[in-house]
Structures are given as C-alpha cells and as structure tokens.
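Architecture and fold: a report
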Amino acid sequence: QVLSDVFNAPVFTIDTANSACLGSAYRAIHGLAVAERNVSLADVVKLAPEPRLAVTPTPGAEELYRPLLKRYAELEQKVIYNPASSC
C-alpha cells in the first residue's frame, strides 16, 4: 500500500517467486531480441504471468507524499552529482 500511495499508482503483483529476477530476465531477453531484430518489450512479455491488481492509491495520499518525493529527488541528485557532499 505504501508504494501505491507514495507513487500515486496502482500496484500489480504476479503469482511467482522472485518476480524481480523474472523482470530482470525479461529485460535481458528484450535486450537480446532488440539487438537481433526490433522487438518490443510488450512482445517479449506476452507469455508472462497475468498481473493481478493488489492495491490502489489511498485518496489524498498524493498530497502528503508529493513534497517528500520532490525532496527525495533533490537529495538523490545532490548525491549523484556531488557524492562527497553531506546531505
């Protein structure tokens, strides 16, 4: 629920273990497929398990998290472009 609220987006899940690894594998296959012929990611994942809606954003949560996301992005840029600085 927190991810959905923070990013103001629905969260979908798939019924598989290690879904992050599965996503990485699909991206790798996509990279190879694009190198060989112009194949879209959508074509690569056609056989992936069907995602299931897990949660939707809590109404009003975006107003709370929007300023925090802006601040997080600012801090992230500071670290990326000047890693020696303290935040």
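An account of the accompanying structure is given in this report. (Residues numbered from 1 in each chain as written. Predicted model: local features only at pLDDT ≥ 70, side-chain atom pairs only at ≥ 80, totals over all residues. Heavy atoms only, no water.)

1. A few points about the environment of Val39
When you line up the elements, Val39 lands in the loop between α2 (19–36) and α3 (41–44). With residues near it in sequence (within four places) discarded, Val39 still touches His30, Ala33, Val34 and Val44. (Helix = DSSP H or I, 4+ residues; strand = E, 2+ residues; numbered from the N terminus. Contact = heavy atoms within 4.5 Å.)

2. Considerations on the pattern of salt bridges
This structure, assessed with the given rule, holds 4 salt bridges. Measuring nitrogen to oxygen at the nearest pair gives 3.2 Å for the salt bridge that ties Lys46 to Asp43. Classification of Lys46 as exposed rests on a relative accessible area of 62%. Through salt bridges with shared partners, one network takes in Lys70, Arg71 and Glu74. (Salt bridge = Lys/Arg side-chain N within 4 Å of Asp/Glu carboxyl O. Buried < 20%, exposed > 50% of the residue type's maximum accessible area, 1.4 Å probe, protein only.)

3. Quick notes on unusual backbone geometry
The phi dihedral of Asn8 falls on the positive side, at around 50°, and the residue is not glycine. Position of Asn8 among the secondary structure elements: in the loop between α1 (2–7) and β1 (11–13).

4. Focus on the side chain of Ser4
Relative to the helices and strands, Ser4 is located in helix α1. Among the polar contacts made by the side chain of Ser4, one reaches the main-chain carbonyl oxygen of Thr56 at a distance of 3.4 Å. (Polar contact = N/O pair within 3.5 Å; in protein donor to acceptor, adjacent residues only side chain to side chain.)

5. Some remarks on α2
The first and last C-alpha atoms of α2 sit 26 Å apart over 18 residues, in line with the 26 Å expected at 1.5 Å per residue. Considered for burial, the residues of α2 that qualify are Tyr26, His30 and Ala33. Looking straight down α2, one finds that the buried residues subtend no more than 65° of arc, so they occupy a single side. For α2, exposure combined with an orientation more than 90 degrees from the buried face picks out Ala20, Cys21, Arg27, Leu32 and Ala35. Where α2 is buried, its residues contact α3. (Expected span 1.5 Å × (residues − 1). Arc of directions from axis to C-beta.)

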